[in-house]
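# Residue-level structure breakdown
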Amino acid sequence: VTLVTVLGGGQLGWMLGLAGLPLGVRFRFVDPSGEATARAVGELVVAPLDDADAARHAASGAAVVTYEWEGVPATTAEALVTAGHRVSPPVGALAVAQDRLAEKECLRRLGIPTARFTAVDDRAGLDAAVAHLGLPAVLKTRRGGYDGKGQRVLRDPADVDSAWAALGGVPLILEAFVAFRRELSIVAVRDRDGAVACWPVVENEHRDAILRVTRAPAPGTDHAIQAQAEACIRPLLDELDYVGVACVELFDTGDALLANEIAPRVHNSGHWSIEGAETSQFENHLRAVLGLPLGSTAARGPAAMVNWIGTHPDRAALLAVPGAHLHDYAKVARPGRKLGHVTVTAHDPATLDERLARVREIVSDCS
Ligand SMILES: Nc1ncnc2c1ncn2[C@@H]1O[C@H](COP(=O)(O)OP(=O)(O)O)[C@@H](O)[C@H]1O
Ligand SMILES: [Mg+2]
């Protein structure tokens, strides 16, 4: 059998496992928690991810090592490469995506448009950055942020001190605030020979900086928007000699698409592809990292995904909605925690809208 070792054992690992089992792939996950969601679909090695020895041990016998969490220390991934393991996506991609400054600089070098940005290393640097970019602006920690954690919006000069008090002391980046019309993302897969396939561009709704709803394809998408979105990810994947699935989050200003951040892994805005596309992001990630032929990324029809966060919704009510597909990560409920998602599919956009409205209502009752 083909063994894949996955660094991280959360819901993304669980869905990789669910996609890989029918392909004859077996899994070993490394996660600091003995309760990690992915233990339902493979062997779980309980160890911190900065434990390179544990990772090396978990990688023995694996055809490839991949990761489902972008916080995996690059040193751990590097140690696996040094030990002779195939690691995909490449460590360089992990390193770039872990540092918001390196990420934005990489995008800029490739000619991919972003919000204006400046590095901030100290309090005086913050004043200079605010003077340079103007307000409003968004102050973010360069490393470690996710789901809106580690960032503050600066609306007027009085916010500068409190944002510095909250975030100062670690390297930061200040970005111009983008008054976007909507948020989009593009998920793509690149294989070992350099072939790239993109799923349809999707529209994302965030609340409190956490993804709530994805609509696929993004309503009103034409060839031009799809091509523009693909131009924000294809050069990046080539530059990083990427193998596997990645996502670029985008701001649609109405005039242009600006790249916001890179995820060097399967992404929440690609979950709809499990039921909504010919081949899911999870299956194609495995195909890519294992050197197997990629499957079609074409949509089967319109789809929408709704996350549930913090509390569990009424499962029976969701299942009563036609075209609803439930994904319960079987995690302990905690405020702000992603606990599951539901994807609704339909044959036509009008029916999808109606089903999505029902799902939103059921899920919002609980969050
Ligand atoms: N420069 C910006 N202008 C306007 N909104 C922003 C900006 N940066 C981030 N946001 C908002 O905050 C959300 C989370 O920020 P993001 O950079 O994607 O960090 P995270 O790693 O937490 O997802 C974005 O999806 C967007 O809604
Ligand atoms: Mg984001």
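Here the residue numbering is sequential within each chain, running from 1 through the sequence in written order. Note on labels: chains are lettered from A, ligands numbered from 1, in written order. It should be noted that, the model being predicted, local features are given only for residues of pLDDT at least 70 and side-chain atom pairs only at 80 or more, the latter also being counted only at that level, while totals for whole chains, interfaces and linings use all residues. Water and hydrogen atoms play no part in the side-chain values, which are based on all heavy atoms of the structure.

### Considering the coordination of the magnesium ion (ligand 2)
For Na, K and Ca the donor cut-off is 3.2 Å, and for all other metals it is 2.8 Å, counting N, O and S atoms only; because water is absent from this set, sites may look incomplete. Donor atoms from the polypeptide that coordinate the magnesium ion (ligand 2) comprise Glu-249 (OE), Glu-249 (OE) and Glu-261 (OE), at 2.1 to 2.8 Å from the metal. Taken together, the residues Glu-249 in strand S13 (residues 244–252) and Glu-261 in strand S14 (residues 257–263) connect sequence positions 12 residues apart. A relative accessible area of 18% places Glu-261 in the buried class. Numbering of helices and strands starts at the N terminus; helices are DSSP runs of H or I of at least 4 residues and strands are runs of E of at least 2. Only protein chains enter the accessibility calculation, which uses a 1.4 Å probe; a residue whose area is less than 20% of its type maximum is buried, one above 50% is exposed, and one in between is partly exposed.

### Quick word on the packing of aromatic side chains
Side-chain rings of Phe, Tyr and Trp (the six-membered ring for Trp) are treated as a pair once their centres are within 6.5 Å; stacked means planes under 30 degrees apart, edge-to-face means over 60, and tilted covers the remaining angles. Scanning the model with the defined rule gives 3 aromatic pairs in all. Ring centres 5.8 Å apart and planes at 70° place the aromatic pair Trp-14 and Tyr-329 in the edge-to-face group. With a gap of 315 residues between them, Trp-14 in helix H1 (residues 11–20) and Tyr-329 in the loop between strand S16 (324–328) and strand S17 (338–345) connect regions that are remote in the sequence. The same class applies to Trp-14 as to Tyr-329, namely buried. Judged by centre distance (5.8 Å) and plane angle (15°), the ring pair of Phe-27 and Phe-29 falls under stacked.

### Describing the environment of Val-138
Positionally, Val-138 belongs in strand S6 (residues 137–141). Setting aside anything within four residues of it in sequence, one finds Val-138 in contact with Gln-151, Arg-152, Val-153, Ile-173, Leu-174, Glu-175 and Phe-177. Contact definition: two residues touch when any of their heavy atoms are within 4.5 Å.

### Observations regarding the nonpolar core
Ranked by internal contacts, the top residues of the largest apolar core, which has 35 residues, are Val-4, Phe-27, Trp-199, Trp-272 and Phe-282. Examining the composition of this core, we find that 5 residues originate from one element, H1, more than from any other. In this structure, Phe-27 is in contact with Leu-3, Val-4, Val-6, Leu-16, Gly-17, Gly-20, Leu-21, Val-41, Gly-42, Glu-43 and Leu-286, ignoring residues within four places of it in sequence. Among buried residues, the Ala, Val, Leu, Ile, Met, Phe, Trp, Tyr and Cys ones that are joined through side-chain atoms within 4.5 Å form a nonpolar core.

### What to know about the sheet that holds strand S3 (residues 43–46)
With parallel pairing, 4 strands are arranged side by side in an open sheet as S3-S2-S1-S4. The sheet terminates laterally at S3 and strand S4 (64–67), the two strands that pair on one side only. Averaged over all adjacent pairs, the angle separating strand axes in this sheet is 25°, with direction ignored. Note on pairing: two strands pair once DSSP finds at least 2 bridges between them. Taken together, the 4 bridges between strand S1 (residues 2–7) and S4 define a ladder with parallel strand orientation. In the strand pairing of S4, Leu-7 is matched with Tyr-67. For helices, the fitted axis covers only the stretch in contact; all axes are lines through C-alpha atoms, and the angles between them, taken along N-to-C directions, range from 0 to 180 degrees.

### Observations regarding the environment of Glu-183
One can find Glu-183 in strand S9 (residues 182–190). Sequence separation of Glu-183 and Ala-320 is 137 residues, and the distance between their C-alpha atoms is 30 Å. Ignoring sequence-local partners within four residues, the contact set of Glu-183 consists of Val-202, Glu-203, Asn-204, His-206, Leu-250 and Phe-251. For Glu-183, the side chain forms a polar contact with the side chain of His-206, separated by 2.9 Å. The term polar contact refers here to a pair of N or O atoms within 3.5 Å; inside protein, the definition further demands a hydrogen-donor-capable atom paired with an acceptor-capable atom, and it admits residues adjacent in sequence only when both atoms are side-chain atoms.

### Structural notes on the site of ligand 1
Throughout this document, a residue counts as near a molecule or strand when at least one of its heavy atoms sits within 4 Å of that molecule or strand. Taken together, 19 residues are adjacent to ligand 1, and Lys-140, Gly-148, Val-178, Glu-183 and Glu-261 come closest. In this structure, an oxygen atom belonging to ligand 1 sits 2.7 Å away from a side-chain N or O atom of Lys-140. Contacts to ligand 1 include Val-178, whose backbone N or O atom sits 2.8 Å from a nitrogen atom. In these tables, accessible area is a Shrake-Rupley quantity obtained with a 1.4 Å probe, and a residue counts as shielded only by the protein chains included in the view. For ligand 1, the protein covers 91% of the area, taking 540 Å² as the surface of the free molecule. Looking at the shell around ligand 1, the elements that each hand over two or more residues are S6, strand S8 (172–176), S13 and S14.

### So, helix H11 (residues 281–289)
Summarising burial for H11: 8 of the 9 residues are buried, a large majority. Regarding H11, the residues found buried are Gln-281, Phe-282, Glu-283, Asn-284, His-285, Leu-286, Ala-288 and Val-289. Of the residues trailing H11, Gly-291 is marked for its positive phi of about 75°.

### As for the pattern of salt bridges
Any Lys or Arg side-chain nitrogen found within 4 Å of a carboxyl oxygen on Asp or Glu counts as a salt bridge. Counted by the stated rule, this structure contains 21 salt bridges. Here Asp-161 ties to Arg-123 by a salt bridge, and the two come within 2.6 Å at their closest N and O atoms. Note that Asp-161 is positioned in helix H7 (residues 159–167) and Arg-123 in helix H6 (residues 123–133), a separation of 38 residues in sequence. As a salt-bridge pair, Arg-181 and Asp-252 come within 3.5 Å of each other at their nearest N and O atoms. Pair noted here: Arg-181 is in the loop between S8 and S9 and Asp-252 is in strand S13, with a separation of 71 residues, a long-range link. The structure contains a network of salt bridges with shared partners spanning Arg-181, Arg-182, Glu-203 and Asp-252.

### Considering the pairing of S1
For S1, a buried count of 5 out of 6 residues is recorded, marking the element as mostly surrounded by other parts of the structure. Pairing analysis gives 6 bridges linking S1 to strand S2 (residues 25–31), with the strands arranged parallel. When the bridges of S2 are listed, Val-6 appears paired with Phe-29.

### Concerning the sheet that holds S8
Backbone hydrogen bonds hold the strands of a sheet together, and the pairing may be parallel or antiparallel. Sheet architecture is open: 4 strands sit in the order S5-S8-S6-S7, paired in antiparallel fashion. Pairing within the sheet leaves two strands with one partner each, and these edge strands are strand S5 (117–120) and strand S7 (151–154). The mean angle between the axes of side-by-side strands here comes to 20°, regardless of whether they run parallel or antiparallel. H6 rests against S5, S6, S7 and S8 of the sheet, and its axis sits at about 170° to S5.

Keep in mind that these numbers describe shape and distance, not what the molecule does.
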